[in-house]
Amino acid sequence: MYWFRRGLIVLALLLIASFIAWFVPRVLDPTSHGPARRARDSLWVSSSPYWIDRQFCRWLSLCGLHHLRRDPAALPSFINITAIEDQVRTELRKRYAEPPLSWEDRTSEDSGTAGTKRFDKKRNVFQRRRILKDVPDYVVEHAPLVHLYSGEQFWPSDIREHVQHMDVLVDEELVNVTDDKLTLDNLHSLNKFDGVVNLHSLDDVETRPTWLHSHDNVPSPFDDDDDDDDDDHIVNGGGPPRGERTTWFDVNKDLPLHRISDPRPLRNAQHQRPLQAKPRRIQRRGHKPDANGYSRAPAVLVLVDKGSGILDAFWFFFYSYNLGQTVLGIRFGNHVGDWEHCMVRFEHGVPRGIFFSEHEGGQAYAWDAVEKRGKRPVIYSAVGSHAMYATPGDHPYVLPFKMLKDVSDKGPLWDPALNNYAYHYNYKLEKHTELDEEAVDAQNRPPSLVPAAKNPHAPTSWFHYNGYWGDRLYTLADMRQWRLFGQYHYVTGPTGPKFKRLGRSKMCQASRCRILYKLDPKQTWY
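Now for a look at the structure at hand. (Residues numbered from 1 in each chain as written. Predicted model: local features only at pLDDT ≥ 70, side-chain atom pairs only at ≥ 80, totals over all residues. Heavy atoms only, no water.)

## Remarks on the packing of helix α2 (residues 35–46) against helix α3 (residues 51–60)
Moving on, step 1. Interhelical geometry of α2 versus α3 gives an angle of 150 degrees and a closest axis separation of 9 Å. Residues W44, V45 and S46 of α2 form the contact with α3, whose own contacting residues are R54, C57 and R58.
Moving on, step 2. Here the contact of α2 with α3 is built from residues that sort into three nonpolar, one polar and two charged. (Axes fitted to C-alpha atoms, helices over the stretch in contact; angles between N-to-C directions. Helix = DSSP H or I, 4+ residues; strand = E, 2+ residues; numbered from the N terminus. Contact = heavy atoms within 4.5 Å. Nonpolar A, V, L, I, M, F, W, Y, C, P; charged D, E, K, R; others polar.)

Encoded structure:
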């Protein structure tokens, strides 16, 4: 009887601990858990061929225990990063001995489409209807600088190269989409399929193919030795919230800007600064990373006019792989394809706030609160997940006691202003996404996304792709998959920039939005 009672107590404690570990992540999960998701979850559990596995999964939230194993960031052959970088630099010197073609100048060798035909405005109605606008100079002057983690294994990737390593699945069935290979110029054609469409890696990601790491896109390390005497390096700790003169923090074309105090100081500031300065020319550079933070992987800049003098500059950063974080040595949250972004909000050319994306959410700050180098805000990208933070260090989330945390530091500095695809987006024309020339011409509809004048032939098809940029959630039958207490080892890849609420009036991606006027050194997990 004594041992029986002891056994019951131990079993009860295990059940309580299991329930807490399962319940807390569900409560803190910002995504929806409606009937459709519960139905999908039931099908996912049923995919396991083992009865005992299905029961453990349903009743104890322990799914795929027999699949558990180590999941290192890189295989042993990739551990010596210095050797890899030396090899890459040697290869790049050979490959780019002559001036490289820019991504704008790619021909049929890269895109599968004749470049002359694509850029012939006499024959292309869609091209003729575009009204090209410059990128305002103030957007470039206040472009973010991104500190990638010093021990990162999965570096910035070029979306043009990423899609070349992808198959297309519709409702988890492989489809033959086209006789030509998948490119940024035909990706929108996948929208014709009914069902869930996703890109699927041609390689097993656990073999860690080279393109997944993007080692050749590593910027040169950042030298911070002489920053102490640099007057341009300004760190603003932020003070108490100041009275705002306008409602810049909540505005779009349906919700105009309102003044909430004496407008004269703002008006004076506007007279001192032109509304739209002449865009600065950015020198074209080679693809080899350099000490200035150039990476051959382009960022994506999407400019969204919200009316009332408000312009949102969305900077998107793409990585071919998201490596999840570990809890007690077990890794959760891996996925193929990773879109992260920050957004700088300008009021008549003056930066007022900035938003950093973090997993399913993010944090907004007043402009004066964040760290700067000169006029440019500094972002810290977390290792593996690439979530964006305003400070280096540990960033716990979802679970208490720092059980699950992102880590960032002052690693290599990436300057996305040196290499990017730039666009103007009109969210009011969001439904006008037809790229078929005859449809656009017949209905007299302007496109919602237009390349900026600096890159007039930038591809737009990829932006209108409605599916996922990476593998769909692996089934429980897949030996690579497990789920413990509601957290998956592999999750579905993300959707693209178009689905990041570009037309939002508030700073944040979520409807509830808190703007911080100073940095939070405590980094609370909730």
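Next comes the rest of the description.
## Brief notes about the pairing of strand β6 (residues 299–307)
For a regular strand, side chains alternate in direction, first toward one face of the sheet and then toward the other.
Moving on, step 1. Burial within β6 is extensive, with eight of its nine residues counted as buried.
Moving on, step 2. The pairing of β6 with strand β19 (residues 420–425) spans six bridges and is parallel. Opposite V302, over in β19, you have Y423 as the bridge partner.
Moving on, step 3. Where β6 meets strand β7 (residues 310–322), seven bridges bridge the pair, whose relative direction is antiparallel. Among the inter-strand pairings, D305 is bridged to a residue of β7, identified as L311.
Moving on, step 4. Counting the residues that bridge the hairpin from β6 to β7 gives two residues, and of these S308 lies at a positive phi of roughly 60 degrees. (Buried < 20%, exposed > 50% of the residue type's maximum accessible area, 1.4 Å probe, protein only. Pairing = 2+ DSSP bridges.)

## Overview of the nonpolar core
Moving on, step 1. Of all hydrophobic cores here, the largest spans 51 residues; its most connected members are L187, L190, L199, W462 and W469.
Moving on, step 2. Contributing elements (two or more residues each) for this core: β3 (166–170), β5 (197–201), α10 (210–213), β6, β7, β10 (335–347), β12 (361–366) and β19.
Moving on, step 3. Residue contributions to this core peak at five residues, all from β7.
Moving on, step 4. Y138, Y365, A422 and L519 belong to the second largest nonpolar core, which has 34 residues in total. (Core = buried A, V, L, I, M, F, W, Y, C linked by side-chain atoms within 4.5 Å.)

## Considerations on the packing of aromatic side chains
Moving on, step 1. The tally for this structure, following the rule as stated, stands at 18 aromatic pairs.
Moving on, step 2. Consider the rings of Y138 and F346, whose centres lie 4.9 Å apart with planes at 55 degrees: the pair is tilted. Here Y138, found in helix α8 (residues 137–141), pairs with F346, found in strand β10; they are 208 residues apart in sequence, far enough to count as distant.
Moving on, step 3. We classify Y138 as buried; its relative accessible area is 7%.
Moving on, step 4. Look at F346 and you get buried, because its relative accessible area is 1%.
Moving on, step 5. Pairwise contacts between aromatic rings join F314, F316, F318, W339, Y423, Y425, W462, F463, Y465 and W469 into one cluster.
Moving on, step 6. When the ring centre of Y427 is taken as origin, the NZ or CZ atom of K306, which lies over that ring, is 6.0 Å away. (Phe/Tyr/Trp six-rings, centres within 6.5 Å; stacked < 30°, edge-to-face > 60°. Lys NZ or Arg CZ within 6 Å of the ring centre and 35° of its normal.)

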